[in-house]
Structure formats: C-alpha cells, structure tokens
Amino acid sequence: MIRSRSGTGTRPVALFVLGNGRSGTSALARVLSLCGGTLPPGLLGATSENPRGFFEARAVIHLNQAILHDHGSSGYDMALESYQEGVFDAENNGGWVAKLRDYLVGLPSAPVLVIKEPKTTTVADIWFEAARQAGFDVAAVVAVRHPDEIIGSLKNRANQQNYVDSSPELTCAWWLKYSLLAERDTRGVPRVFVDYANLLEDWRREVKRISTALAIDLDAKDGGAVDEFLTPDLRHHQTLGRATEPFGTDWIGTVYETLAAAARDEAWDSSELDRIFAAYGASERGFRQAFDDSRRYRNLDRLMPPFAVKLGLEALALVHRRRGTWA
C-alpha cells in the first residue's frame, strides 16, 4: 500500500521523534501534529505524570517492548554491546520489520506521519526499514535536552508520584545511550536536532528549521493552539552550566555540547560521538562483567557467616597441628 501526498505524487514521510525520555519528545510530537503532521490513532492519554499527554501510540509502545523483550533487552537497559554487534540491525530482524510494516500499512493515509515513543530510539533501524517497505520516506527529529534538567525532571516525578527515584548516575547512563543511538542511527536519513529550550523559546523558528531541513510541509494554521499548548511552565528545570560527569570522563558534557551545537545549526564533529560510543560500550561491558562476577562471589560469601569462617580456619590450623606458618 503506497500512500502519496495529496496532489504531489511523492511518497509520504514517516517522521520519527527520537531521543531520551523527558527530553521534550512529547512536546515535539504535539507541536508537529499541530503543524500538519498526523499522529497514529490509539494514543497513550494524559496522566498525572504528563497531564498534557504523551502523543505516542499504545501499539507502538507494545511493539517496541516486544522487540526488546525478544532480544533479552529493555528500555531501561544501559548496555550498548548489542548495538555494536548489530543485534538490532534491520537485516537481522526481518520478522519484526514485517510486523512493523503491517502496522504502518494499516494506519490512515497522511502526508506526514509522526511516530514518537522513546524506546523507538533503541530499535530505530528496524522501524526505518519497515517504514520504507510500507511506502514511506523516512526522516527524524532528535530531541536534545541538558541531562541535568532530565535528572531534575525525573527526581521531581519520583517525589510527586511516589516512583522509585533513579540516581543521577543511572539517568546519565540512560541519557548517554539514547543520545548516542539517536545520533548514530539517523546518519543515513534526513534529520534535524531540536533543543527543548529552543522549542519553548521560539517554536515557530524551530518548526521552520524542521520543515527546511527535512523538506516537508509544516504549517501551523492555528498558531494559537500551539501557543496554548507550549507554555513556559512545561520547563520545570533549567540548567545552563556544564553537565554532570558521574563517570570521571568527558562523555556527558561532550555529547550534550555536540548535540546542542547541532541544534543551533553550528559545526559539530560526529567523530567525537563515535569515540564516546566505543569508550562507553567497552567500559560498560567490562564493568558489567566485573560486577556480575563480583555479585557471585558476594553471594557465596553470604553463605559463610563470620562464626563459620572462624571455625573453619581453626579447624585447618588443627589439621596442620598449629605448626610452621600455622603456629
């Protein structure tokens, strides 16, 4: 089923909103939908956690969860090893490509279809191939936000909703993984980076940037609706300084500064992101193995209370008659 833009004869666009959760992906998706984009039906509705809505389809959430679960992964996984090995590449996931293609083919026709759900970032290559097979051209908007603002946002959510609070270290690891994947996996498609602060400051400018960069028609026929939705109180946390560096490296600050430069249409160097992708992947893999092994030894150690250790050592001393080095 090939869809066409009305009157143009060209293929429609599947516009993917990618990036870490709490980076403004919901706001971006809503603004795009108010400027000519079309969201899938069956959305995840507003909740106390996000009272204005998530603007992501429940079916997309389920499909992403199923793909990750099928590979023994999760949206909360910090690891990059699977991506370095190509586990989530489209050519290794023909069955999932077909399922996503069937979902996309079944959606109502639209010139610009907006797909947003943070876990899509972790399986983007599969979605991109499915969209192409469904008759779409593929484009991406990558949401950028200062990681310290995300740390504050998650902490605020935990306090308000009685959620388990994630540590700054864990939040930074998630942010690093999602940011690196969003940049790496969109290199082969038309893309644009949008900083959440810039969107709130001047959404008309940012929508024009998106439209120009991706060569798609975005027009806010009712700018008042966007103004009513995109109010300053959407940004509860503001950070202007250097990013938190919990791992004793330059990874967080360098990735954020690089993507923020891209969001300002300034020159930036993808090789720096490649360096950090490789370094983070190697470090994460090594420490994960070390921590797994350490956990095994700790579990064994718990089976040996101090009094048992003492009795065992004294028994060994008796066997050696408390002579020589056992004296």
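Look a little higher up for the structure.
Residues numbered from 1 in each chain as written. Predicted model: local features only at pLDDT ≥ 70, side-chain atom pairs only at ≥ 80, totals over all residues. Heavy atoms only, no water.

**So, the pairing of strand 2 (residues 112–116)**
Step number 1: Counting buried positions over the 5 residues of strand 2 gives 5, a clear majority of the element.
Step number 2: Neither face of strand 2 is open: one carries Val-112, Val-114 and Lys-116, the other Leu-113 and Ile-115, and all of them are buried.
Step number 3: Bridge count for strand 1 (residues 13–18) against strand 2 is 5 bridges, and the pairing is parallel. Each residue of the ladder has a partner; that of Val-17, found in strand 2, is Lys-116. (Buried < 20%, exposed > 50% of the residue type's maximum accessible area, 1.4 Å probe, protein only. Helix = DSSP H or I, 4+ residues; strand = E, 2+ residues; numbered from the N terminus. Pairing = 2+ DSSP bridges.)

**A closer look at helix 12 (residues 270–302)**
For an α-helix, 3.6 residues make a turn, and residues three or four places apart therefore share a direction.
Step number 1: With 33 residues, helix 12 should cover 48 Å at 1.5 Å per step; its first-to-last C-alpha distance of 47 Å lies within 8% of that length.
Step number 2: Burial in helix 12 covers these residues: Leu-273, Ile-276, Phe-277, Tyr-280, Gly-281 and Glu-284.
Step number 3: On the buried face of helix 12, the contacting elements are helix 3 (81–84), helix 7 (168–184) and helix 11 (251–263). (Expected span 1.5 Å × (residues − 1). Contact = heavy atoms within 4.5 Å.)

**Some details on a nonpolar patch on the surface**
Step number 1: A surface patch of nonpolar side chains, about 810 Å² in accessible area, is lined by Tyr-297, Leu-300, Leu-303, Met-304, Val-309, Leu-313, Leu-316 and Trp-326.
Step number 2: Secondary structure elements with two or more residues in the nonpolar patch: helix 12 and helix 13 (306–319).
Step number 3: Here Leu-313 shows up in helix 13. (Patch = residues over 30% accessible without salt bridge, like charges linked within 9 Å, V, L, I, M, F, W, Y side chains within 5 Å. Areas by Shrake-Rupley, 256 points an atom, 1.4 Å probe, with all protein chains shown as cover. Salt bridge = Lys/Arg side-chain N within 4 Å of Asp/Glu carboxyl O.)

**Observations regarding the sheet that holds strand 2**
Step number 1: Read from one edge of the open sheet, 4 strands run 2-1-3-4, paired in parallel fashion. Sheet topology places strand 2 and strand 4 (191–195) at the edges, where each strand pairs with a single neighbour. Averaged over all pairs of adjacent strands, the angle between their axes in this sheet comes to 20°, without regard to strand direction. (Axes fitted to C-alpha atoms, helices over the stretch in contact; angles between N-to-C directions.)

**Here's the deal with the packing of aromatic side chains**
Step number 1: Scanning all chains against the criterion turns up 10 aromatic pairs.
Step number 2: By the ring-pair criterion, three or more aromatic residues cluster together here, those being Phe-16, Tyr-103, Trp-127 and Phe-128.
Step number 3: If you follow Lys-99 out to its NZ or CZ, it ends over the ring of Trp-96, 4.4 Å from the centre. (Phe/Tyr/Trp six-rings, centres within 6.5 Å; stacked < 30°, edge-to-face > 60°. Lys NZ or Arg CZ within 6 Å of the ring centre and 35° of its normal.)

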